[in-house]
Structure formats: structure tokens, C-alpha cells
Amino acid sequence: MRRYFGRKLLIYGLTFFVAVTINWSIPRFMPGDPVQSMLSRANISQPEAVEAMRVHYTNLFGLDLPLWKQYLNFWGALLKGDLGISIWLFPTPVTDVIVRAVPYTLALLIPAILLSWVAGNRFGAFAARRTWLDNTVLPVGYVLTATPYMWLAILLAWALGIVAGIFPVAGAYSFAMEPSWSPAFLASLAQHWFLPFASLFLVAFGGWAIGMRNMIIYELEADYVHYLEALGASRRLVRRYAFRNAILPQITGLALQLGVLVAGALVTEIVFSYPGLGHLILQAIQNQDFFLLQGTFLFVVIGVLIANFVIDIVYVLVDPRTRTGMGGAA
Amino acid sequence: MTAVPTARREALHFALRNGKLLAGLVVVGVFLIAAVAGPLIIDYGPNDYVGPAASPPSGEFWFGTTTFGQDVLAQFVYGLRATFLVGILGGGLAAVIGMVVGFTAGYRGGLVDEVLNMITNIVLVLPALVVLLIINAYLGVRSIGLQALFIGLTSWPWAARAIRAQTFSLRSRDFVDLARLSGVRTAKIIRREIAPNMSSYLFMTFILLFGGSVLIAASLDFIGLGPTEGVSLGLMLNNSARWSALQLGMWWWFIPPGAGITAIVGALYVMNVGLDEVFNPKLREM
């Protein structure tokens with residue numbers, strides 16, 4: 001088990017290293033003088049802002065230093081939590097901007113991922129090998145999982161927000177309110193949260209339901225199932241065993257799908273102008289705020305790595321084979 | 001020599017009777033025809049200002065027009081081309097990389113496998129879209145080809161892992177041992193002995209990679225990092241959102257592009273299940 005976690009942590013460490021290296025090297029691949037072109041692209045009118053940025057860029061890139069030293073300096077700044085200063089919200093540090101946005105993204109992502117995973121698995125397991133459900137509901141699952149996240153978000157916003165007028169379609173709370181813990185504000189928060197959550201949930205739900213349905217069908221062909229059936233075990237019992245075996249690949253699948261789910265949350269936030277990381281990315285791109293973009297990139301990577309590690313732990317808890325070092329699908 | 005044709009004939013027999021496969025093929029085929037023929041029939045460009053602004057679907061403009069009087073149908077058929085192109089190029093490249101890495105790692109084993117596996121796992125954990133965001137924002141992506149290139153370079157890992165596992169289970173079979181004993185070179189063993197035995201699996205992997213590329217490209221286009229030249233379905237969504245089609249109630253602007261993507265990718269997935277049933281007798285419905 002120590003070997004299992006050791007390997008995983010090594011991979012995550014290397015991944016973080018690669019991510020930081022990408023972050024460091026891509027601006028250097030940019031054709032021309034990066035400092036100058038960023039300053040001119042940033043298009044800021046305040047002279048002190050331009051000067052501060054020039055100093056910061058030059059410090060950060062340190063283009064006159066040898067490459068290895070530039071690289072070490074980049075890591076140095078990073079480990080101090082210094083991701084630069086946002087251009088869009090000058091002069092707020094990028095870290096502050098991101099930390100303010102992260103709760104919104106997590107509030108969307110975590111419930112959407114967990115609920116869709118649980119509900120999708122249950123539903124998929126239920127639908128497998130029940131002909132009429134399989135043939136009527138599963139096509140819906142395929143359509144859902146093939147839907148681009150932002151399109152479902154747009155459809156929901158249009159149908160339930162604009163045409164029906166039930167839900168608001170922009171922001172995380174009413175623009176007329178100040179953030180507080182009052183019931184009215186919390187209600188507004190929930191109201192604004194529902195549609196982006198629902199669109200994330202639906203797309204992910206389709207994928208899990210189909211995955212589980214396919215797994216169960218494979219499991220029901222396994223030897224242990226035939227053996228149980230031969231012993232005269234009830235259908236319910238057999239399905240329960242099949243479910244417990246089929247859930248393992250679905251846990252691995254959750255780890256594999258994290259990137260796609262995060263991407264889905266980012267574009268969904270953009271549709272609803274929901275003030276999470278996706279909204280930051282859009283603003284960063286529109287305002288040529290590269291520090292903000294790079295900072296968001298690192299935050300997303302760190303988040304995905306942490307989530308992966310949590311899933312690894314869950315896998316060990318669920319699958320006894322990994323615990324005793326007997327292998328399993330580690 | 002007779003074994004191969006009968007196996008093929010059997011697959012064809014079940015393929016022609018598989019509703020899922022046929023339905024998927026029909027949907028993809030219809031869109032493919034629209035993508036190929038549409039731009040030939042419509043005699044103006046997708047971004048030309050040809051009609052009245054913001055008019056709903058009518059006899060003259062079947063899909064209506066944008067805020068600027070561009071024909072949504074023209075954008076749609078040109079956008080379909082971009083979608084198929086990104087899927088074939090991006091999915092194809094990812095499939096090739098996945099196959100090279102997967103075959104090599106699975107067949108060679110040992111240190112080569114360790115290293116390739118490590119690389120695969122690292123790229124697998126990195127969220128592809130966010131990496132693409134950084135690359136596209138800095139380098140700028142002008143053409144659909146370039147976009148597909150970057151998508152292909154980031155979306156191969158799960159395919160590599162799956163192919164590696166399959167190769168692993170095939171490499172100790174007798175016919176592979178026999179080929180190795182007769183002194184056949186490694187590349188040829190993989191090409192002649194291993195790959196043909198998982199050709200259906202490889203094809204299905206390509207289909208999934210195709211769908212994945214289309215969806216990632218649509219997300220990138222929607223965020224505003226799409227190709228700067230040309231049209232795509234994702235760019236249509238981007239434009240409709242940017243010019244408040246939602247608030248103005250111009251549903252004909254944002255429904256077709258998303259519906260097109262959903263239909264194509266969904267049909268591919270359904271086709272995949274159908275193919276699975278054709279090649280795997282256990283899954284055929286009795």
C-alpha cells in the first residue's frame with residue numbers, strides 16, 4: 001500500500017512539475033519580445049500600471065539571466081505564492097483574485113460531480129438488462145453525454161431563465177444585494193446556483209448511467225454470476241454483487257473524467273457569468289491578462305491533483321485487493 | 001484463407017442487423033453529406049452579409065440570420081466541415097500517438113513500459129482543456145488544423161493505456177510467440193499479429209477520440225480561443241453568446257450549432273455500442 005501511494009504521489013509530483021514547466025516555457029515560445037508584446041496587448045492607460053507591470057514582467061522573466069536561473073526564479077516566486085498581479089483587476093494580486101473565485105467553482109463542481117456519480121451509477125445499474133428501460137432511457141443518456149456543456153447551459157438558461165422566467169441567468173446572486181448571511185441572500189445564492197448546477201449534473205449523469213449500464217452487462221456474464229445463479233441466488237443478490245464489482249471501474253472513471261468535468265464547469269460558468277474560475281479565464285483572455293490565466297491554470301491543476309489523490313484513497317478503502325497488496329486495478 | 005472472409009461476413013451479418021449501428025451511421029452520414037454538399041450549394045460565404053438582420057427562420061433563410069444578417073444555415077454547413085475536420089485530424093492524431101505508445105509499452109514491457117506509462121499517467125492527469133487554453137492563448141491558433149494538432153497532442157493518454165492493456169494480454173499468446181521464434185521483427189509482429197486482433201477495439205477507440213476532439217474544440221471555440229480564420233459550430237455558439245442572442249430570444253442562432261454537435265457525437269457513441277455488440281457476441285441481444 002505504501003508502494004501504491006508512493007507511486008501515485010510521484011506521478012502527481014511530476015505532473016505538477018510538468019504543469020509549472022509548461023507555464024514557464026510557453027510565454028518563452030511566444031514569437032517576439034514577450035514583455036513588450038504583453039504590455040502593448042494589455043492596453044493599459046495608467047502609466048503606473050504599465051511601469052509596475054514592466055518591472056514585474058522583467059523580474060519574473062528575468063530575460064537577461066541564464067535560462068536555468070530564470071527557471072529557478074520562477075519556482076521561487078511560485079513557492080512564495082506570488083503569481084503576479086492581475087491586469088484585469090489591477091492592482092489585485094492574482095492569488096487573491098483566484099482565491100475569491102474558487103469557492104463558487106467548488107460549490108458547483110463538488111455537488112454536481114458527487115450527485116451525478118451516485119445517481120448515474122444507481123440508475124445505470126437499474127436500467128441494465130431491463131429491456132424497456134434500456135431501450136427508451138439509455139438513448140437519452142447518450143444524447144446527454146454527447147451534449148456540449150455550454151450548449152445545455154444555454155438551452156436551460158433560455159428555456160427556464162428567459163422564456164419561463166423562473167431562474168435568473170447571470171451572476172451568483174442578485175446584483176441588488178450585498179453578500180451576507182441573511183436568508184434572502186442565501187435564497188438568491190441558491191436560485192442563481194441551480195441552473196449551472198443542473199446543466200453540469202445532467203451531462204455528467206448521462207455518462208455515468210451509460211458507463212454503469214455497460215459495466216453491469218459485462219459483470220452479469222461473469223463466472224461468479226453464473227455460479228450464484230446456479231446456486232439459486234435471488235436476482236437482487238446477484239445484482240448487488242455485480243454492482244459492487246462494477247463500481248470499481250467507475251471510481252477509476254471518475255478520476256479519468258475529472259479534467260472533462262472541470263472543463264465543463266468552466267464553460268458553464270461562462271454561460272451564466274457565474275463568478276468562478278471559468279469566468280476568470282474568460283476575463284483573463286478578453287483582457288489579455290496572462291498572469292491571471294496562468295495562475296488559474298495552476299490552481300486548476302492543483303485542484304485536479306488533489307481530487308485524484310482523494311479518489312486513490314477512496315479506491316483503497318473500497319477495494320480490499322489494493323490494501324493487501326494483491327494488485328487489483330491500481 | 002477461408003477463416004478471414006467468414007469472420008468478416010459474420011461481422012457484416014450482425015452489423016446490418018444492428019439497429020444502433022445503423023441509426024448512428026445514418027445520422028453521421030446525413031451530417032457528413034450536409035457538410036460536403038452544403039457549401040457547394042450555397043453560393044455565398046458563411047460570414048457574408050446576405051440577408052436582413054436577426055430574422056427568424058423563413059423560406060428564404062431556413063435557419064434564419066444572425067444579428068448582422070449572416071445566414072445561419074451557411075455558417076452551420078461550413079461549421080460542420082470544421083467539426084468533422086477537427087474530429088478526424090485531432091482524433092486521428094490522438095489515436096496514432098495512443099497506438100504507438102500503447103503498443104510499444106505493452107509489447108516491450110520492462111523499463112520502456114515504465115517510462116511510457118509514467119509519461120502517459122502525467123499527461124492523463126493534466127486537464128487537457130486547461131492546458132490547451134494556455135497554449136492557445138499564448139501562441140494563438142489560426143487554423144483548424146493547428147487546433148486539431150494541439151488537441152491530438154493532449155488527448156491520447158487514455159487510449160494509450162487501453163491499448164497497452166490489450167497488447168499486454170495478447171503478447172504472450174502462442175501465435176505471437178511463434179512469430180517471434182521465426183525471427184519476425186517487432187514492428188512487423190505488432191502490425192501483422194497484434195493490431196489485427198484488436199482492430200475492432202482500435203476503431204472504437206478512434207470513434208471515442210473523434211467525439212472527444214469535437215467536444216474539446218467546441219469548448220475552446222466557445223471560450224473564444226478558436227481558430228481565427230473560418231467558422232465552426234463552437235464559434236457560432238461563441239458569437240451568439242457574445243452578441244446576446246439569448247437575451248434577444250434569437251433561438252435559431254444558438255440551437256443549430258449545439259444540436260449539430262450533440263447529434264454527431266451522440267450518434268458516434270451509439271454507433272460505438274452497436275459495434276461493440278457486433279464484435280462481442282456476449283453483448284448481442286438475444
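Residues numbered from 1 in each chain as written. Chains lettered and ligands numbered in written order. Predicted model: local features only at pLDDT ≥ 70, side-chain atom pairs only at ≥ 80, totals over all residues. Heavy atoms only, no water.

A. Layout of the interface of chain B and chain A. Between chain B and chain A, the residue contacts involve 45 residues of the former and 54 residues of the latter. Carbon and sulfur atoms supply 80% of the area that chain B and chain A bury against each other, a total of about 4500 Å² over both sides. Between Arg7 of chain A and Glu114 of chain B there is a salt bridge, with the nearest N and O atoms lying 3.6 Å from each other. Put simply, chain B and chain A have two residue pairs in polar contact (both at pLDDT 80 or more) between them. Those elements giving two or more residues to the side of chain B that touches chain A turn out to be helix 4 (110–125), helix 5 (128–139), helix 10 (199–223), helix 12 (245–248) and helix 13 (251–279) of chain B. The greatest single-element share of the side of chain B that touches chain A, amounting to 13 residues, is contributed by helix 13 of chain B. Residue classes in the side of chain B that touches chain A are distributed as 32 nonpolar, eight polar and five charged. (Contact = heavy atoms within 4.5 Å. Buried area = accessible area lost by both parts, 1.4 Å probe. Salt bridge = Lys/Arg side-chain N within 4 Å of Asp/Glu carboxyl O. Polar contact = N/O pair within 3.5 Å; in protein donor to acceptor, adjacent residues only side chain to side chain. Helix = DSSP H or I, 4+ residues; strand = E, 2+ residues; numbered from the N terminus. Nonpolar A, V, L, I, M, F, W, Y, C, P; charged D, E, K, R; others polar.)

B. Examining the side chain of Asp221 of chain B more closely. Residue and element names in this part refer to chain B. By secondary structure assignment, the location of Asp221 is in helix 10. No salt bridge is formed by the buried Asp221; its nearest oppositely charged neighbour, Arg242, is found at 12 Å. For Asp221, the side chain forms a polar contact with the side chain of Gln147, separated by 2.8 Å. What Asp221 contacts, discounting residues up to four positions off in sequence, is Gln147, Gly226, Pro227, Ser232, Gly234, Leu235 and Asn238. (Buried < 20%, exposed > 50% of the residue type's maximum accessible area, 1.4 Å probe, protein only. Lys, Arg positive; Asp, Glu negative; His and termini not counted.)

C. Quick look at the packing of aromatic side chains. Counted under the stated rule, the structure contains 21 aromatic pairs over all chains. Arranged with centres 5.7 Å apart and planes meeting at 65 degrees, the rings of Phe5 of chain A and Phe309 of chain A form a pair that is edge-to-face. Of this pair, Phe5 of chain A sits in helix 1 (residues 2–29) while Phe309 of chain A is found in helix 12 (residues 290–318), placing the two residues 304 residues apart along the sequence. Chaining the aromatic ring pairs together yields one cluster made of Phe16, Phe17, Trp24, Tyr71 and Trp75 of chain A. Arg164 of chain B extends its terminal NZ or CZ atom over the ring of Phe168 of chain B, reaching a point 5.5 Å from the ring centre. (Phe/Tyr/Trp six-rings, centres within 6.5 Å; stacked < 30°, edge-to-face > 60°. Lys NZ or Arg CZ within 6 Å of the ring centre and 35° of its normal.)

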